Amino acid sequence: MVKVQVKQGWLEGEELEACTGEGKFYNFKGVPYAAPPVGKLRFKAPQPPQPWEGIRKATEHGPKCPQVDIFTQQIISGSEDCLYLNVYSPNLNPEAPMAVMVFIHGGGFKSGSGDEDHYGPDYLMAHNIVLVTINYRLDALGFLCLDTKQVPGNAGMKDQVFALKWVQENIDKFGGDPNNVTIFGESAGGASCGLHVISPMSKGLFKRAVPMSGVPLCDWCQPFEPQKRAFVLGKQLGFETTDPEELLEFLQSLPVEKLINTRPCVLTSEEITDNMIKMYHFTPVVEKDLGQKCFLNETPYDLLKSGKINDVDILIGCTDMEILIGVPFLENGLLQQYNRYPELLVPRKILNACTPRKILDIADRIHMYYFQRKPITFETLKKFLMYANECTFTYDVYRYATLLRNVSKSKKYLYKFSCFSGMNIYGKLGEKYGITGASHLDDLMYLFDAKHANIKLERNSKEHKMVKLVCTLFTNFAKYGNPTPDSSLGVTWPEYDSNEYYGEIAETLAVGEKLGADSVKFWKAIYADAGLEFV
């Protein structure tokens, strides 16, 4: 056992052997970074953590936020008292402070946790960094918006800010450098990183950011009439009112299980667009300034366009076949829905801005571009996956990176993740259709030892070499602001500038230019047709 004193008291962790056999590391789990958000604190901004007496055992994860897993539909009861983080360090007393990487999990802002069942630290511990993984409030608990000073929205994002403040105050006790913190996250965690880059509340809390497979511009991150959605939630749960204070009192009185996976729709069309690649009901919002500290006070697009950002180094990208993870959902009727309702092909950003006639016209253009007027069936599955990859992730990642490039002075790198091996447990879902690749979540398998997958990483195997490459690139960026700071990988990865260079991460690293240029050109034209700005 090993003890560390943080601001709130003493922690007792443990020393563990990495599953790779490449050394030991120190493990501190279930560390509270905020007060339990329970009772009258439900839905509200987090409060400071309380000190404790004696020595707090830190060898077990804290509770997960109550949720329904978006992939398995399993109910995870967890606890509202869920604001905990985990710290992993290879050396508590290094000669020089180590770079810190803070990981923000994904899950559509409605499921997930920072636990080692998905995010074991073992692979990264060999690279001389301190790793922090966090929980934050999810679904309505974390993202209910009443447009009031008490509940303006974004409680889950403010939880993340509190975790970053805890890191600033305490990470030196674990051998970490508070002046060299990189936030990284995937999917909703990637969008969260993209939001911290533009949030005034996050200023000064980190030096670098790695949004993976998600940015705030993605369809599934878009809020729509969040206060109306809160009142629909009340109606759905049997309470009708027009008074936000009455609604708050009612929602705070309910058992927590009533508040998870509620899926309140504001429009009838949302009943159709309510699918995992297009929409989540409770997401980050632009707050009304009512005198509170706002996490987000303008839309992400407007903040990026005007340059109101935290100018930090950025490494950003996505995988080559993100939507392979959705094959089971496509098999269970989602593909038929896309064939039945052409407007599903249209981004929600356009659906919420255009007339029905314009939407159908745009749907026809999208259908022609990707399917050449063939029906959307399993015979055209590869075309659908290409459409869904580009519409759900890649063009919005391009937009975010390009908008940032236009206003940021810091370093920027764009990547495409194409690793494929026995580690790609999600990318294998398309094998029966002859389609494989790096799916959504597959990139994380090369950064984290996901204990649930029970993968044994054999030394000097193809998989081991790719894990080493991916971890080296990401930790190089965290340490130096450059994934290839020297010649050891045999490739120099140029910054993302007007040449639009990108790094392709596969068995080896390669450099390309103008990732997805044809699809970007197509979507630019679609946005112009809809009367919306692209970049």
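Residues numbered from 1 in each chain as written. Predicted model: local features only at pLDDT ≥ 70, side-chain atom pairs only at ≥ 80, totals over all residues. Heavy atoms only, no water.

Summed over all chains, the structure comprises 27 salt bridges. Between E12 and K57 there is a salt bridge; the shortest N-O distance is 3.2 Å. Taken together, the positions of E12 in strand β2 (residues 9-17) and K57 in strand β4 (residues 55-57) put the pair 45 residues apart, joining distant regions of the chain. Its relative accessible area of 16% is what places E12 among the buried residues. Among the ionic contacts, a cluster of salt bridges with common partners joins D219, K278, K349, D396 and R399. (Salt bridge = Lys/Arg side-chain N within 4 Å of Asp/Glu carboxyl O. Helix = DSSP H or I, 4+ residues; strand = E, 2+ residues; numbered from the N terminus. Buried < 20%, exposed > 50% of the residue type's maximum accessible area, 1.4 Å probe, protein only.)

This part covers the environment of G307. The residue G307 is located in the loop between α9 (300-306) and β12 (313-319) in this model. Each C-alpha atom of the pair G307 and N406 lies 8.2 Å from the other, and the pair is 99 residues apart in sequence.

Here we come to the UniProt feature "domain: Carboxylesterase type B" (unreviewed entry) in the protein. Look at the UniProt record and you will see "domain: Carboxylesterase type B" (unreviewed entry) annotated at residues 3-523. Helix makes up 31% of residues 3-523 and strand makes up 17%, while its end C-alpha atoms are separated by 54 Å. (UniProt positions renumbered as here; feature names shortened; annotations may be inferred.)

Bringing helix α13 (residues 381-407) into the picture now. Helix length check: α13, at 27 residues, gives a terminal C-alpha distance of 38 Å against a target of 39 Å (1.5 Å per residue), a fit within 8%. Most of α13 is tucked away, with 20 of its 27 residues classed as buried. (Expected span 1.5 Å × (residues − 1).)

With respect to the secondary-structure elements, M212 resides in strand β11 (residues 208-212). A sequence separation of 22 residues divides M212 from G190, and the C-alpha atoms of the two residues are 4.8 Å apart. Apart from the residues within four sequence positions on either side, M212 is in contact with F184, G185, E186, S187, G190, G317, Y415, D443, L444, L447 and F474. (Contact = heavy atoms within 4.5 Å.)

Using the criterion set out here, one finds three cavities of 30 Å³ or more in the structure. Space inside the largest cavity adds up to approximately 60 Å³. Lining of the largest cavity is provided by D219, I277, K278, Y338, Y387, A388, C391 and T392. It is α13 that provides the largest number of residues to the lining of the largest cavity, a total of four residues. Residues belonging to the lining of the largest cavity are distributed by class as follows: five nonpolar, one polar and two charged. (1 Å grid on protein atoms, 1.4 Å probe; cavity = no way out; pocket = protein on both sides within 12 Å on 5 of 7 lines; lining within 4 Å. Points joined across faces, edges and corners; volume = space filled by probe spheres on them. Nonpolar A, V, L, I, M, F, W, Y, C, P; charged D, E, K, R; others polar.)

The topology assignment puts K349 in helix α11 (residues 348-351). Side-chain polar atoms of K349 contact the side chain of D396, separated by 3.1 Å. Each residue touching K349, except ones within four places of it in the same chain, is listed here: L217, C218, D219, Q222, Y395, D396, R399, Y527 and L532. (Polar contact = N/O pair within 3.5 Å; in protein donor to acceptor, adjacent residues only side chain to side chain.)

On to the nonpolar core, then. The biggest cluster of nonpolar side chains holds 130 residues, and the ones touching the most others in it are F28, F174, I366, F384, Y387 and W523. Examining the composition of this core, we find that 14 residues originate from one element, α13, more than from any other. Discounting chain neighbours no more than four positions away, the residues touching W523 are L345, P347, I366, Y370, Y387, E390, C391, Y395 and F534. Within the second largest apolar cluster, 44 residues are counted, among which are M125, C419, V470 and A478. (Core = buried A, V, L, I, M, F, W, Y, C linked by side-chain atoms within 4.5 Å.)

Pairing between strand β1 (residues 2-6) and β2: five bridges, direction antiparallel. Counterpart to K3 in the pairing with β2 is E12. Hairpin connection between β1 and β2: a loop of two residues separates the two successive antiparallel strands. Two strands pair when backbone bridges link them, and β2 and β4 are joined in this way by three bridges, in the parallel orientation. Each bridged residue has a counterpart across the sheet, and for L11 the counterpart in β4 is R56. As defined by bridge partners, β2 adjoins strand β3 (residues 24-32) across four bridges and the pair is classed as antiparallel. When the sheet's bridge partners are listed, L16 is paired in β3 with F25. Between the antiparallel neighbours β2 and β3 lie six residues, among them G21 with a positive phi of about 75°. (Pairing = 2+ DSSP bridges.)

With that settled, consider the packing of aromatic side chains. Applying the stated rule across the entire model yields 31 aromatic pairs. Both rings, one in F103 and one in Y119, keep their centres 4.7 Å apart while their planes meet at 50°; by these two values the pair is tilted. With a gap of 16 residues between them, F103 in strand β8 (residues 98-104) and Y119 in helix α1 (residues 116-119) connect regions that are remote in the sequence. When sorted by exposure, F103 lands in the same class as Y119, which is buried. On the basis of an interplanar angle of 40° and a centroid distance of 6.1 Å, the ring pair of W166 and F174 is categorised as tilted. With respect to class, W166 is no different from F174; both count as buried. Cluster of aromatic residues (ring-pair linked, three or more members): Y338, Y369, Y370, F371, F384, Y387, Y395, Y398, F522, W523, Y527 and F534. Sitting over the face of the ring of F534, R399 holds its NZ or CZ atom 5.4 Å from the ring centroid. (Phe/Tyr/Trp six-rings, centres within 6.5 Å; stacked < 30°, edge-to-face > 60°. Lys NZ or Arg CZ within 6 Å of the ring centre and 35° of its normal.)

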